[in-house]
Amino acid sequence: MPESPLPVVRTIASLRAAVQAWREAGERVALVPTMGFLHAGHLSLVRLGKTQAHRVVASLFVNPTQFAPSEDFDAYPRDEARDSELLASADCDLLYAPTVAEMYPDGSATTVTVSGVSAPMDGQARPTHFAGVATIVAKLLTQSQPDVAIFGEKDYQQLLVIRRMARDLDLPVEILGAPTVREPDGLALSSRNVYLTPDQRSMAPRLNQALRAAGEALRVGVAVSVVEARGQATLAEAGFGPIDYFEVRNAENLTRLGPGPIGAGQARIFAAGRLGKARLIDNWPV
Ligand code: PAF
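Below is a short write-up of the structure. Quantities reported herein were computed from a predicted structural model and do not represent experimental measurements. (Residues numbered from 1 in each chain as written. Predicted model: local features only at pLDDT ≥ 70, side-chain atom pairs only at ≥ 80, totals over all residues. Heavy atoms only, no water.)

1. Quick look at the layout of surface pockets
To locate leftover empty space, one rolls a probe as large as a water molecule over the atoms. The condition that has to hold: Only protein atoms enter the 1 Å grid used here, on which a cavity is any set of points holding a 1.4 Å probe that cannot leave and a pocket is any open set flanked by protein within 12 Å on both sides along at least five of seven lines; residues with an atom within 4 Å of a point are listed as lining. Grid points are joined across faces, edges and corners, and a volume is the space filled by probe spheres set on the points. Helix and strand assignments follow DSSP, with helices taken as H or I runs no shorter than four residues and strands as E runs no shorter than two, numbered in order from the N terminus. Each residue is assigned to one class: nonpolar for Ala, Val, Leu, Ile, Met, Phe, Trp, Tyr, Cys and Pro, charged for Asp, Glu, Lys and Arg, and polar for all the others, Gly among them.
If you add up the space inside the second largest pocket, you get close to 280 Å³. As for the second largest pocket, its lining consists of 19 residues, of which Leu218, Val222, Gly260, Pro261 and Ile262 are closest to the centre. When residues in the lining of the second largest pocket are grouped by element, the largest group, three residues, is from helix α9 (residues 206-219). Here the lining of the second largest pocket is built from residues that sort into twelve nonpolar, five polar and two charged.

And the structure:
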């Protein structure tokens, strides 16, 4: 492999040695977990990390346990050389790129499951997904022991699952969410956007447009059930299918909202649907 433009470690022991040296020098450490094939959204997390800590570690690991057998683990885009150049340009200090054997040695038998916030939406559409996410993030956090770990709000349900897991396991880390980075037409950046054909790419911003329209409708008092049905219909007309969900939920715990007015910041609208090979997800505050 060609030389990396930033230091790279591939073992837990070498990651810990690097972090320990920084700690001994009194430095704070941020972790930005990723599955690679980075885009401007990931780099915004690294930059945010640099405002929170002296050192930023980015991890790059396409985690097999968060993909169901029918999903895109093998096809998931990978380009470590490009990722490491991008990370260096964002002032990242260390790339942690372990192997599958390092993360899941033979005999691994522990899974972290988070009930409640893991259950609806992606938890229904991808029943094994969040256990894989919670398990790998728990491992990354205990391996690197950062002061703060940063996750994008595009995967808002994932952010809540990770927050709950870190609290419940008493992990001494602050979990920070960062705003979604979007294309000028509103499409949320995602490594999976490379799966879109040019036609699908032109349809994809309809997801964010439908969420914004739903937010506006809720703001003027349209009922949640009507807003959700309209959102589903808009996405179906735009060519999405299947649509996994278009739902308004409590922004803190993802429960359904009771009847009555929605307070500012109380709710969030979530949508996921497929356009060809790409499964797109997005969310919008109310
Ligand atoms: O959001 C992602 O890229 C992944 O789910 C994460 C948090 C890196 C865990 O594999």
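From this point, things continue past the structure.
2. Overview of α9
Which entries qualify depends on this criterion: For a helix, the expected span equals 1.5 Å multiplied by the residue count minus one. Per-residue accessibility, obtained with a 1.4 Å probe over protein chains only, is compared with the maximum for each type, and a residue is labelled buried under 20%, exposed over 50%, and partly exposed between these values. Contacts: residue pairs with any heavy atoms within 4.5 Å of one another.
In a regular helix each residue adds 1.5 Å, so 14 residues correspond to 20 Å; α9 covers 20 Å between its end C-alpha atoms and thus fits that length. Residues of α9 that are buried: Leu207, Asn208, Ala210, Leu211, Ala214, Gly215, Ala217 and Leu218. Those residues of α9 that are buried lie in contact with α10 (224-238), β7 (243-250), β8 (267-275) and β9 (278-285). Note on α9: the residue one or two positions beyond its end, Gly221, has a positive phi of about 100°.

3. Considerations on the packing of aromatic side chains
To be explicit about the condition: Two rings belonging to Phe, Tyr or Trp (six-membered ring only in the last case) form a pair when the distance between their centres is within 6.5 Å. Interplanar angles under 30 degrees mark stacking, angles over 60 mark edge-to-face geometry, and anything in between is tilted. Only when the NZ of Lys or the CZ of Arg is both within 6 Å of the ring centre and within 35 degrees of the ring normal is a charge said to sit over the ring.
Evaluation of the coordinates by the stated rule reveals four aromatic pairs. Geometrically, the ring pair formed by Phe67 and Phe73 is edge-to-face, given 5.4 Å between the ring centres and 70° between the ring planes. Relative accessible area serves as the criterion here: at 7%, Phe67 is assigned to the buried category. Through successive ring pairs, a cluster of aromatic residues spans Phe67, Phe73 and Tyr76. For Arg82, the ring lying beneath its charged end belongs to Phe37, and the centroid distance is 4.8 Å.

4. Observations regarding the site of the ligand
What counts is decided by this rule: To be near a molecule or strand, a residue needs just one of its heavy atoms within 4 Å of it. Counting of polar contacts relies on pairs of N or O atoms within 3.5 Å, with two restrictions inside protein: one atom must be capable of donating a hydrogen and the other of accepting it, and residues adjacent in sequence are counted only when both atoms are side-chain atoms. Note that accessible areas follow from Shrake-Rupley with a 1.4 Å probe, and for residues the cover is restricted to the protein chains shown.
Residues in contact with the ligand, as listed here, are Pro33, Thr34, Met35, Asn63, Gln66, Ile136, Phe151 and Gln158. Within the contact set of the ligand, an oxygen atom lies 2.6 Å away from a side-chain nitrogen or oxygen of Gln66. Between the ligand and Gln158, the relevant distance is 2.7 Å, taken from an oxygen atom to a side-chain nitrogen or oxygen of the residue. Coverage of the ligand by the protein amounts to 88% of the 290 Å² it exposes when considered alone. For the shell around the ligand, the residue count by class is four nonpolar, four polar and no charged.

Function cannot be read off these values alone, since they describe shape.
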